[in-house]
Amino acid sequence: MAATKKNSFMLSRAWLLRELPFLAKGIASLYAVPTPGLLDKGTKGWAMDMYGRIYYDPLVFESQKISSSGTAISHEFEHWFKKHFLRYARLSIKIHWWNICTDAEINNKPFYRKYLDDDCIFPEQFDWPRGKLAEEYALLIPPEPEEGEGGEEGEGEGGEGPGQPGNNPGQSPGEGDDHGSVVDGKPREWELGPPSPQ
């Protein structure tokens, strides 16, 4: 289904360029890939690959305000700008925790706190301090219980209790939120792959 006239990728990006002009060069050069069905693949309708392409489900524009979808564009861009996919290669933590740590790093900024929905990741949800790098948050990840432990509250594969993620790549507390290979360098089925040689 096509984006409505009330919102679209171009309108959302234009709003973002006005809000964050210091990111104008990078945001304006994003290669956008409409990806119908992306909402059904463990994302919130937005994702990015490690090559700088941003993917979106056109259905997001039916429910999101321009400010919400514009903020989503900026959030995905920051994953790429901060090279989270390269930084993950140096760590030995599960993908879903790295996704949470990188979201906490990005979303702490006042801009994101103003426009993101309440169900997004923020440091205080895990009793983490504000303003840290994702690697610093990774050091604060609680230890996983031994097999057979965890009490009655653990739910789902890898679940450790209320609000704790399972083993699906990119899964966050609440709704799934897979950002694509931009976070961990692992290709997703909807991505276009490496750019063709010139």
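See above for the structure.
Everything in this summary refers to the structure shown in the same document. (Residues numbered from 1 in each chain as written. Predicted model: local features only at pLDDT ≥ 70, side-chain atom pairs only at ≥ 80, totals over all residues. Heavy atoms only, no water.)

Right, let's talk about the packing of aromatic side chains for a bit. Taken as a whole, this structure holds 16 aromatic pairs when the rule is applied. Look at Trp46 and Tyr56: their rings are 5.8 Å apart centre to centre, the planes differ by 35 degrees, and that puts the pair in the tilted class. Taken as a pair, Trp46 in strand 2 (residues 46–48) and Tyr56 in strand 3 (residues 53–56) lie far apart in primary sequence, 10 residues in all. You'll find Trp46 and Tyr56 in the same group, each marked buried. With a centroid separation of 6.1 Å and 40 degrees between ring planes, the pair formed by Phe77 and Trp80 is classed as tilted. Here the residue Phe77 and the residue Trp80 both occupy positions in helix 4 (residues 66–81), the gap between them amounting to 3 residues, near one helical turn. Using a relative accessible area of 4% as the deciding quantity, one classes Phe77 as buried. Of the aromatic side chains, those joined through ring pairs into one cluster are Phe9, Trp46, Tyr56 and Phe61. Across from the ring centre of Trp80, 4.0 Å away, lies the NZ or CZ of Lys83, which sits over that ring. (Phe/Tyr/Trp six-rings, centres within 6.5 Å; stacked < 30°, edge-to-face > 60°. Helix = DSSP H or I, 4+ residues; strand = E, 2+ residues; numbered from the N terminus. Buried < 20%, exposed > 50% of the residue type's maximum accessible area, 1.4 Å probe, protein only. Lys NZ or Arg CZ within 6 Å of the ring centre and 35° of its normal.)

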